[in-house]
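Analysis of the macromolecular model
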Amino acid sequence: MDVCRPEDISPPATPPSLFSSVVTNNVTTASSSSSICSKKPLSPQQQQQQQRPTSHRQFSENNPALAYIFDEEQLDHIRHLKSSFQQLTPQQKQFLLYEIINCCDSSQLTYLNSLIAPRLKIDFLKELPIEVSLHVLSFIDDPKTLARAACVSTFWNSLLRDEATWKSLCMKHQYRRRNSSICGGELLDPPTQRLNFSYREYFKRKYNIASAWVHGGDVKVVEDGFGEELVTSLQFDEKYIVVGCDNHRIEVFDTQTARKVRTLVGHDGGVWALQFKGGEKHDPERVLVSGGCDRDVRVWDLNSGRLRHVLRGHTSTVRCLKMKDKRTVVTGSRDNTMRVWDIERGVLLHVLLGHQQSVRCLDICGNMVASGSYDHTARLWDMRTGRCLHVLVGHISQIYAIAFDGQKVVTGSLDSQIRVYSASTGQCLATLQGHTSLVGQLQLNGNTLVSGGSDGCLRVWDLQSYECTQQVSAHDNSVTCLQFDDRRMVSAGNDGRIKLWDIRQGRLIRNFSKPAKTVWKIQFNDTRAVVLMQRRRADNPEQNRTVMEVHNFDLEQAHHLRQRQKLSLQKQQQQQHNNNNNNNNEAVPPTSSSSASFSSLSSSSVTMMDTDEP
């Protein structure tokens, strides 16, 4: 629709209007208008009526109060003007309105705005049935947009508290429980198993955790727990972080506070492999198995630190081990053998013979175990019988990494190749080429395989098509650690760098931590990551020390933890203060007890205030 151009219309003017509204006093007074008609003098009764507050409803045509403002001739003229306006074309209406508005002063324009603005502000969601309104909101994928929409009005806020909207958003963002042996915590429990579950709160927490992964979480650094020792193995859950070192020790830390809980002592050589099971709500007991250079396999009660069994039989270093459950474990050794143990009773079940050189890596699925050896072969075994099911050949050099999911066995070798075998037939299904050096890191999840090599590259493979979908030049030296889930991937290399990647796009998100000399181990779950590395001492750059970082991405939980620690510290200081008061009361004469108590209180209060300062 065309609007008249300003040059085609007479210049703005402010002629006498039909009536003038004085906004500041909320009083409407009649004024003369030469363009319409002449106005008769007001009677005293009309002047008294004019002092009364006037609302918008007073100007309806059938309102008898109009008789005090207009005479009959004026009212007829207004009715005629209204009728004439309704007969105009839209363009003519715009012209007339333009002329009328140009004749209005600021108070009249303010009055017009108070009439027009509410009519233009139509809450379309309020006009629709609630089911339709919720369906409209379900098309919004961006949570920030939903958060802003919740601030529009009380009605919109009530709509956005509907659980169906947030459940749909959880599905779109794939916020669901992940199938990972290291994942735990109340956040990941299935919704149906949690009381007072809210999809809105669940989505909010998951979204904030994902954001903290991108921008950085709460980091606790442990610098004095290891010395210069080399770290060989790592595992953690929601309660414990367990670290195996080459100084014969196993260090146990509290996951929440990063404080050392205990040191497990007993091995006579470096600890090269460990794993624990348990710790779930229905099964809080944790069983830890460790092996190392002393050729012994030790079984521990992790919750108490008590040694349960020492399993002997290997004649060389225990290089790798895997637990099937809290009863059965398989160990691989440099003595070329594997052993299956009943760790509940502390007895040997089977000795698996066949490899001609050191057994370097293991993986378990169900009742089968896959092993990789320096003899260039991989083998598939039945743990129940101890029988070798298949010998997987094809590599021309040592095998350093293996992954097994029950259907496929994937191996990485010093010959720079990755081979995929059928677990049922033992046949080689594919040879994946691309790395130019040792493939020492593998992780398999469904049809996605991620490999890391000494060439510093990460490769993501699709095992349905056996094609490389992502190739990332990640590090300037060997990849020493990698782990991925359905959203992200963390890698570390001998260049001392730790990097966080978007696994879907192969894009670097950020450097995960400050550079180190060497990165020993990395492990993460949905809400936490643990990194063990070697850094140069700040006070003596010629010396190195092993450092552990615990990253917490559940910032809400981290805040609550700090509050609890702060309250605990205050209680301890208060208890110490009370003990000091009691000692002072016993040690001084009664006449001076009041003075001594005051002195003790003042000192303790100062200490508490200093502690509470940020």
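Residues numbered from 1 in each chain as written. Predicted model: local features only at pLDDT ≥ 70, side-chain atom pairs only at ≥ 80, totals over all residues. Heavy atoms only, no water.

**Details of the overall build of the protein chain**
Here is the rule we go by: Counting from the N terminus, the helices are DSSP H or I runs at least four residues long and the strands are E runs at least two residues long. Classification of residues uses two cut-offs on accessible area relative to the type maximum, computed with a 1.4 Å probe and protein chains only: under 20% is buried, over 50% is exposed, and between them is partly exposed. For this analysis, residues touch if any pair of their heavy atoms sits within 4.5 Å. Using a 1.4 Å probe, the Shrake-Rupley method yields the accessible areas, and only the shown protein chains count as cover for residues.
Along its length, the protein chain carries 12 helices and 34 strands. Counting over 614 residues, the protein chain shows a buried share of 43%. Within the protein chain, counting contacts between residues at least 6 apart in sequence, those at least 24 apart form 45% of the total. Surface exposure of the protein chain reaches about 32500 Å², of which carbon and sulfur atoms provide 50%.

**Description of the environment of glutamate 556**
Mapped onto the elements of the fold, glutamate 556 is located in helix α11 (residues 555-587). Overall, the relative accessible area of 46% leaves glutamate 556 in the partly exposed class. Each C-alpha atom of the pair glutamate 556 and arginine 205 lies 8.1 Å from the other, and the pair is 351 residues apart in sequence.

**Here's the deal with the pairing of strand β23 (residues 428-432)**
Stated precisely, the cut-off is as follows: A pair of strands is labelled paired if DSSP reports no fewer than 2 bridges between them.
Here four bridges tie strand β22 (residues 418-422) to β23, and the two strands are oriented antiparallel to one another. Each residue of the ladder has a partner; that of arginine 419, found in β23, is threonine 431. In textbook terms, the turn of a hairpin is the stretch between consecutive antiparallel strands, and for β22 and β23 this stretch comprises five residues, one of which, glycine 426, has a positive phi near 80°.

**Observations concerning helix α2 (residues 72-86)**
The cut-off we apply is this: One fewer than the residue count of a helix, multiplied by 1.5 Å, yields its expected span. As used in this structure description, the phrase polar contact means that two N or O atoms lie within 3.5 Å; if the pair is within protein, one of them must be able to donate a hydrogen and the other to accept it, and residues adjacent in sequence are counted only when both atoms belong to side chains.
Between the first and last C-alpha of α2 there are 21 Å, a value that for 15 residues agrees with the 21 Å anticipated at 1.5 Å per step. The distance from a side-chain oxygen at the start of α2 to the backbone nitrogen of glutamate 73 is 3.3 Å, and the residue carrying that oxygen is aspartate 71.

**Looking at the sheet that holds strand β13 (residues 328-333)**
This is how it is decided: In this description, a line fitted to the C-alpha atoms serves as the axis of each element, helices being fitted only across the stretch in contact, and the angle between N-to-C directions of two axes falls anywhere from 0 to 180 degrees.
Strand order in the open sheet made by the four strands is β12-β13-β14-β15, with antiparallel pairing throughout. Strand pairing shows two members of the sheet lacking a second neighbour, β12 (318-323) and β15 (347-352), which therefore form its edges. Across the sheet, the mean angle from the axis of one strand to that of its neighbour is 25°, orientation sign disregarded.

**Describing unusual backbone geometry**
Here asparagine 336, not a glycine, exhibits a phi torsion of approximately 75°, which is positive. For asparagine 336, the location among the structural elements is in the loop between β13 and β14 (338-342).

**Let's talk about the environment of asparagine 336**
Using a relative accessible area of 24% as the deciding quantity, one classes asparagine 336 as partly exposed. Spatially, the C-alpha atom of asparagine 336 lies 7.8 Å from that of glycine 354, the residues being 18 residues apart in sequence. Excluding its chain neighbours within four sequence positions, the residues that come into contact with asparagine 336 are His355, Gln356, Gln357, Ser358 and Val359.

**Quick word on the UniProt feature "repeat: WD" (unreviewed entry) in the protein chain**
Put simply, the rule reads: UniProt positions are given in the numbering used here, feature names are shortened, and annotations may be inferred rather than shown by experiment.
Residues given the UniProt feature "repeat: WD" (unreviewed entry) here are residues 264-310, 311-351, 352-391, 392-431, 432-471 and 472-511. Taken end to end, residues 352-391 comprises 0% helix and 60% strand; its first and last C-alpha atoms sit 13 Å apart. Secondary structure within residues 432-471 divides into 0% helix and 62% strand; the distance between the first and last C-alpha atoms comes to 13 Å.

**Considerations on helix α6 (residues 130-137)**
As a reminder of what qualifies: The reported arc concerns the directions from the helix axis to the C-beta atoms and nothing else.
Taken together, the buried positions of α6 are occupied by Ser133, Leu134 and Leu137. An end-on view of α6 places all buried positions within 95° of arc, on one side of the element. Looking at the buried positions of α6, the neighbouring elements they touch are α5 (124-127), α7 (143-149), α8 (154-159) and α9 (163-172).

**Considerations on the packing of aromatic side chains**
Test applied: Here a pair means two rings of Phe, Tyr or Trp (six-membered ring of Trp) with centres within 6.5 Å. Their orientation is stacked below 30 degrees between planes, edge-to-face above 60, and tilted elsewhere. The criterion for a charge sitting over a ring is simple: Lys NZ or Arg CZ within 6 Å of the ring centre, and within 35 degrees of the ring normal.
Applying the stated rule across the entire model yields 12 aromatic pairs. Centroid distance phenylalanine 197 to tyrosine 202: 5.4 Å. Interplanar angle 55°. Geometry classified as tilted. The partly exposed category is assigned to phenylalanine 197, whose relative accessible area is 21%. Geometrically, the ring pair formed by tryptophan 213 and phenylalanine 512 is tilted, given 6.0 Å between the ring centres and 35° between the ring planes. Of this pair, tryptophan 213 sits in helix α10 (residues 199-215) while phenylalanine 512 sits in the loop between β31 (507-511) and β32 (518-524), and the two are 299 residues apart along the sequence. Site record: aromatic cluster; members linked through ring pairs are Trp166, Tyr175, Phe203 and Tyr207. Taking the ring centre of tryptophan 213 as reference, the NZ or CZ of arginine 488 above it sits at 4.4 Å.

**What about the pairing of strand β17 (residues 368-373)?**
Buried residues dominate β17, accounting for five of its six residues. Across six bridges, strand β16 (residues 359-365) lies against β17 in antiparallel orientation. From the neighbouring strand, aspartate 363 faces β17, where its bridge partner is alanine 370. Here β16 hands over to β17 after two residues, with glycine 366 in that stretch at a positive phi of 65°. Examined bridge by bridge, β17 and strand β18 (residues 378-382) share five bridges and lie antiparallel to one another. Bridge pairing in β18 links serine 371 to arginine 379.

**Concerning the pattern of salt bridges**
Inclusion rule: Salt bridge, as used here: a side-chain nitrogen of Lys or Arg that lies within 4 Å of a carboxyl oxygen of Asp or Glu.
All chains considered together, the criterion is met by 24 salt bridges. Between glutamate 238 and arginine 528 there is a salt bridge, with its nearest N and O atoms 3.4 Å apart. Separated by 290 residues along the polypeptide, glutamate 238 in the loop between β4 (231-236) and β5 (240-245) and arginine 528 in strand β33 (residues 528-536) bring together distant segments of the chain. The salt bridge involving aspartate 342 is made with arginine 345; its shortest N-O contact spans 2.8 Å.

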